[in-house]
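# Close look at the chain arrangement
The residues making up each chain are set out below.
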Amino acid sequence: MNGHNRLHKLQHHSLFPIVIIFLIVVGVNAALQPGFFTYDVFQSNLSSFTPLVLASMAQAVVVLVGGIDLSIGMAITLSTVIMAATMNDSPSSVFIGLGLAIVATFAVGALNGITVGYLKLPPIISTFAVSSVCYGAALLIMPQPGGYIPSFFYETYQTSIASILPISLLIIIVGLAIWGLISRRKIYRYIYAVGGSESAAYANGINTKKVKLYAFLISCVFIVLTALVVVSQTATGDANIGRAYTLNSIAAVVIGGISLQGGKGNLIGAVLGALILGFISNIIFFANLSSFYQDLIKGLIIIFALTLSILPTLRKKALAQSGG
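Bear in mind that the values here come from a model prediction, so they are computed numbers and not experimental data.

Here the structure, examined in full by the defined rule, presents zero disulfides. Free cysteine C134: the closest other cysteine sulfur is in C220, separated by 9.7 Å. A residue is classified by how much of its surface remains accessible, and C134, at 2% relative accessible area, is buried.

This next bit is on unusual backbone geometry. Most peptide bonds adopt trans geometry, and most residues besides glycine take a negative phi value. At K120, a residue that is not glycine, the phi angle is positive and equals roughly 60 degrees. K120 gets classed as partly exposed once you look at its relative accessible area, which sits at 46%. Of note, the phi angle at A235 is positive, near 55 degrees, even though the residue is not glycine. The exposure class assigned to A235 is partly exposed, which follows from its relative accessible area of 27%.

This part covers the pattern of salt bridges. Under the counting rule described, the total for this entry stands at two salt bridges. In this structure, the salt-bridge partner of K120 is E198, at a minimum N-O distance of 3.3 Å. Taken together, the residues K120 in the loop between α5 (91-118) and α6 (123-141) and E198 in helix α10 (residues 198-203) connect sequence positions 78 residues apart. In this structure, a network of salt bridges that share partners links the residues K120, E198 and K212.

With numbering aligned to this structure, UniProt lists the feature "transmembrane region" (unreviewed entry) at residues 15-32, 52-82, 94-114, 121-141, 161-182, 213-235, 267-290 and 296-314. Between the C-alpha atoms that bound residues 52-82 there is a distance of 20 Å. The span itself is 77% helix and 0% strand. From the first C-alpha to the last, residues 121-141 spans 28 Å; its make-up is 90% helix and 0% strand.

Attention now moves to helix α12 (residues 243-255). In terms of residue burial, α12 counts as a mostly covered element, since 10 of its 13 residues are buried. Along α12, the residues classified as buried are Y245, T246, N248, S249, I250, A251, A252, V253, V254 and I255. Once α12 ends, the next one or two residues include G257, with phi positive near 85 degrees.

With that out of the way, let us pick up the packing of aromatic side chains. A complete count under the given rule lists nine aromatic pairs for this structure. Ring centres 4.9 Å apart and planes at 35 degrees place the aromatic pair F152 and F153 in the tilted group. Its relative accessible area of 10% is what places F153 among the buried residues. Both rings, one in F285 and one in F286, keep their centres 5.0 Å apart while their planes meet at 85 degrees; by these two values the pair is edge-to-face. What makes F285 exposed here is its relative accessible area of 59%. An aromatic cluster is built from F22, F36, F37, F49 and F279, whose rings are joined through pairwise contacts.

Core analysis: the biggest nonpolar cluster contains 86 residues, and W179, I191, F222 and I276 have the highest contact counts within it. Residue contacts for W179: discarding those within four places in its chain leaves V61, L64, Y188, I191, I218, F222 and L267.

With that out of the way, let us pick up the environment of L140. Mapped onto the fold, L140 is located in helix α6. Relative accessible area serves as the criterion here: at 73%, L140 is assigned to the exposed category.

Cut-offs used in this document
Residues numbered from 1 in each chain as written. Predicted model: local features only at pLDDT ≥ 70, side-chain atom pairs only at ≥ 80, totals over all residues. Heavy atoms only, no water. Disulfide = S-S within 2.5 Å. Buried < 20%, exposed > 50% of the residue type's maximum accessible area, 1.4 Å probe, protein only. Salt bridge = Lys/Arg side-chain N within 4 Å of Asp/Glu carboxyl O. Helix = DSSP H or I, 4+ residues; strand = E, 2+ residues; numbered from the N terminus. UniProt positions renumbered as here; feature names shortened; annotations may be inferred. Phe/Tyr/Trp six-rings, centres within 6.5 Å; stacked < 30°, edge-to-face > 60°. Core = buried A, V, L, I, M, F, W, Y, C linked by side-chain atoms within 4.5 Å. Contact = heavy atoms within 4.5 Å.

Quick look at the structure:
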């Protein structure tokens, strides 16, 4: 009986369908990619997936509070361009580059938080406008791809600790640990409360404007981590390099079971969603399929995930109607 209850509880867990999809794509990937279960392939895959995992965590925080951030990709771009334009091999230039990138990213987050939280502008419009500002600033700093990233960035990113823990996995763990620390603070509950019902949260004395601002600022922590990983992968700056992360992070959030209306889901789902997208890219590559199929399969999985997410609501409505 206890085992039956545990199985029933597991099947109704919000992450259950996501885990099933994850296991399916891992299984298909394992069948297609040679040496999938070797450490080198594990490290290579993880290194490739990490930027989207972190970008999806950034997007998830904003979605949980009831918003959406179309500027994430260009915020990543701006940060990477600043680092590539200011860094050389001297430690002082590295600190200056990192400092300027962090300041710029949090300025973008603050601008988003103010326009969405205090000025009440629609997130999809205001963050899109901020995205254009970031893109223009990135082009102003670096019209052509280039710049310089010290070698220890990309050399460190490709290494592991004690040949067991890849640096890319360590960065993801750090991101989750940061979110774990935030989950112990009031702001964590407030983000879910505002995302679930802003009017109810306001009626209960929560400063909804400040919570939205804080959500965008928390998101910036993950954007900075994403930018660090991207420059470690590319060793250059490019005003177009972050463009794909905006929509892909939204797709990962949706696949991860986070409600676009806010207040439901968690960052683990976003991480799984990003990994699923990464494995889909691998499957397309190793199956020698056209890249066209990548968007097709991604779209079908998003529709499937959205369908699964609304099934409980449809079931409740059906039960309510049958009871009435």
